[in-house]
Amino acid sequence: MNWSYFASPSTFYGLAGRLAPWFFGLAAMLAVAGLYVGLAMAPTDAQQGEVYRIIFIHVPAAWMSMFLYLVMAVYAGVSLAFNTRLAAMMARSLAPTGAMFTFVALWTGAFWGRPTWGTYWAWDARMVSELVLLFLYFGFIALANAFEDPRRGDRAAALLALIGLVNLPIIYFSVHWWNTLHQGSTVKLTGTSMHVAMLTGMLLMVFAFWTYSIGAALTRVRSIILERERRTRWVRAL
Amino acid sequence: MNHGFYLWMSYGATAIAIAIEIATLAAGRARARRLIEEERDLEAQD
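Keep in mind that what you see is a predicted model, and the values were worked out from it rather than measured. (Residues numbered from 1 in each chain as written. Chains lettered and ligands numbered in written order. Predicted model: local features only at pLDDT ≥ 70, side-chain atom pairs only at ≥ 80, totals over all residues.)

A count of helical and extended segments in chain A gives nine helices and two strands. Seen through its C-alpha atoms, chain A measures out along the principal axes to roughly 65 × 35 × 30 Å. In chain A, buried positions account for 45% of the 238 residues. Residue pairs in contact within chain A that sit at least 24 positions apart in sequence constitute 76% of those at least 6 positions apart. (Helix = DSSP H or I, 4+ residues; strand = E, 2+ residues; numbered from the N terminus. Buried ≥ 20, exposed ≤ 12 C-beta atoms within 10 Å, placed from the backbone. Contact = placed C-beta atoms within 7 Å.)

Residue and element names in this part refer to chain A. Of note in this structure, Asn83 is not a glycine but carries a positive phi near 55 degrees. Summarising the element assignment, Asn83 is placed in the loop between α3 (55-82) and α4 (85-117). Under the C-beta neighbour-count criterion, Asn83 is labelled exposed, with 12 such atoms within 10 Å.

This brings us to the interface of chain A and chain B. At the junction of the two partners, chain A supplies 27 residues and chain B supplies 18 residues. Broken down by element, the residue count for the side of chain A that touches chain B peaks at eleven residues, all from α4(A). Its residues placed into classes, the side of chain A that touches chain B shows 14 nonpolar, five polar and eight charged. (Nonpolar A, V, L, I, M, F, W, Y, C, P; charged D, E, K, R; others polar.)

A few words on the nonpolar core. Core analysis: the biggest nonpolar cluster contains 74 residues, and Ile54(A), Met72(A), Met90(A), Ala91(A) and Met205(A) have the highest contact counts within it. Secondary structure elements with two or more residues in this core: α2 (9-41), α3, α4, α5 (125-144), α6 (150-164) and α8 (196-228) of chain A together with α1 (3-45) of chain B. Broken down by element, this core gets its largest block of residues, 17 residues, from α4(A). (Core = buried A, V, L, I, M, F, W, Y, C linked by C-beta atoms within 7 Å.)

A rise of 1.5 Å per residue sets the reference length of α1(B), with its 43 residues, at 63 Å; its end C-alpha atoms lie 63 Å apart and thus fit the reference within 8%. The complete set of buried residues in α1(B) reads Tyr6(B), Leu7(B), Ser10(B), Thr14(B), Leu25(B) and Ala32(B). Residues of α1(B) that are buried in the fold lie against α3, α4 and α8 of chain A. (Expected span 1.5 Å × (residues − 1).)

With that settled, consider α6(A). Residues and elements named next belong to chain A. In a regular helix each residue adds 1.5 Å, so 15 residues correspond to 21 Å; α6 covers 21 Å between its end C-alpha atoms and thus fits that length. Every buried residue belonging to α6 is among Asp154, Ala157, Ala158, Ala161 and Gly164, and all of these are buried. In a view along the axis of α6, the buried residues occupy a sector of 125 degrees, so they form one face of it. On its buried side, α6 packs onto α3, α4, α5 and α7 (167-177). (Arc of directions from axis to C-beta.)

Atom-level detail of predicted coordinates should not be read off regions where pLDDT is low. For chain A, per-residue confidence averages 92 on the pLDDT scale, and 98% of positions sit at 70 or higher. Here helix α1 (residues 3-6) of chain A stands out as the element of chain A with the lowest mean pLDDT, 70, in contrast to α5(A), whose mean of 97 is the highest. (pLDDT = per-residue confidence, 0-100.)

Our next topic: the environment of Ala208(A). All names here are of chain A. Mapped onto the elements, Ala208 comes out in helix α8. Overall, Ala208 belongs to the buried group, with 24 C-beta atoms counted inside 10 Å. When the C-alpha atoms of Ala208 and Gly34 are compared, they prove to be 7.9 Å apart, with 174 residues separating the residues in sequence. If near-sequence neighbours (up to four positions away) are discounted, Ala208 is found in contact with Ala27, Leu30, Ala31 and Gly34.

Another aspect to go through is the environment of Tyr120(A). With respect to the helices and strands, Tyr120(A) occurs in the loop between α4 and α5. Every residue in contact with Tyr120(A), bar those within four places of it in the chain, is listed here: Ala110(A), Gly113(A) and Arg114(A).

Residue and element names in this part refer to chain A. At a minimum axis separation of 10 Å, α3 and α7 run at an interaxial angle of 160 degrees. Between α3 and α7, the angle is such that the two are roughly antiparallel. Between α3 and α7 lies a crossing of left-handed hand. On the side of α3, the interface is formed by Met66, Tyr69 and Leu70, while α7 contributes Leu168, Ile171 and Tyr172. When its residues are assigned to classes, the contact of α3 with α7 shows six nonpolar, no polar and no charged. (Axes fitted to C-alpha atoms, helices over the stretch in contact; angles between N-to-C directions. Parallel < 35°, antiparallel > 145°, perpendicular 65-115°, else oblique. Left-handed = near helix turned anticlockwise from the far one by under 90°.)

Structure below.
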C-alpha cells in the first residue's frame, strides 16, 4: 500500500469523510453495550456500593486522555521531523478530544473521590499530574492558534507536545513512585482481580471512547483541511 | 448524600462534555464552509 498517497490532505479528506460515520456508529453501539453491562449487569461493589459504577467512564476517560496525548505527540513529532502538513493537522484535531477526556477523568474522579475518600480533590501525585495533562492540552491548543501563520503554530505546539510527553510516565507510575491517595492499577497486563462483568463493561466503554475519539478526530481534521486548503483548486471544486 | 447524586453528576457531565464537543465539530465545519464561501466571493470580485 502506498501510504504517502493518504498523506495528501485532498485524499485524506475523502477517506476521513467515509470513515468517520462508521466510527461514530460503532462508538454508539459499544457505549450502549458498555453502559448496559456496567449499569445493569455488573454486581454492586461490596465496599463502595453503587458509586463504583463511575469506573465505567472514569477509567476509560483517563486511559484515553493519556493515549490521545501520546498519539498527538507522535503526529506532532512526525510533522516536525518530516514537515508533513497532514500530521500537524491530525495533532491539532486530537487535542480538543484529549482535553475533553482529561476533563471528564478529573471531574468523574472528583465525584468518585468525595463519597469514597471524603474529598473532591487532594494534591495527590496522580491527580496533579492529570491536571498538568489538561494544562498541556490547553497550552497545545492555545499555542497552535497563537500565530497568524498556521505552520508556525504547528511547530511551536509540536515542541510543547513533545516536551509534555515526560508527563505521561509520571501520570502512569505516580501511584507506584509516591504514596498517593489514588489507588494503584487494578487492571494489569498480568491480570485483574475485577469481576468479569465489571471488566467487560469497562473494556466496552474503553473501545467506545476509542472509536468515538477516532470519529471526532477524523471529523475535525476535515474542517482543518478545508480551512487550510481553501485556496486550492480541489477545495473550490467541492 | 446518596450515591445517585455522584453517579448522575459524573454521567451527566460526561454526556454534556461529549454533546459540547459534537456541537463544536459542527461549528468547525460551518466555519470552514463559510471561509470557503468568502474565498469564492473574493475570487468572483477579482
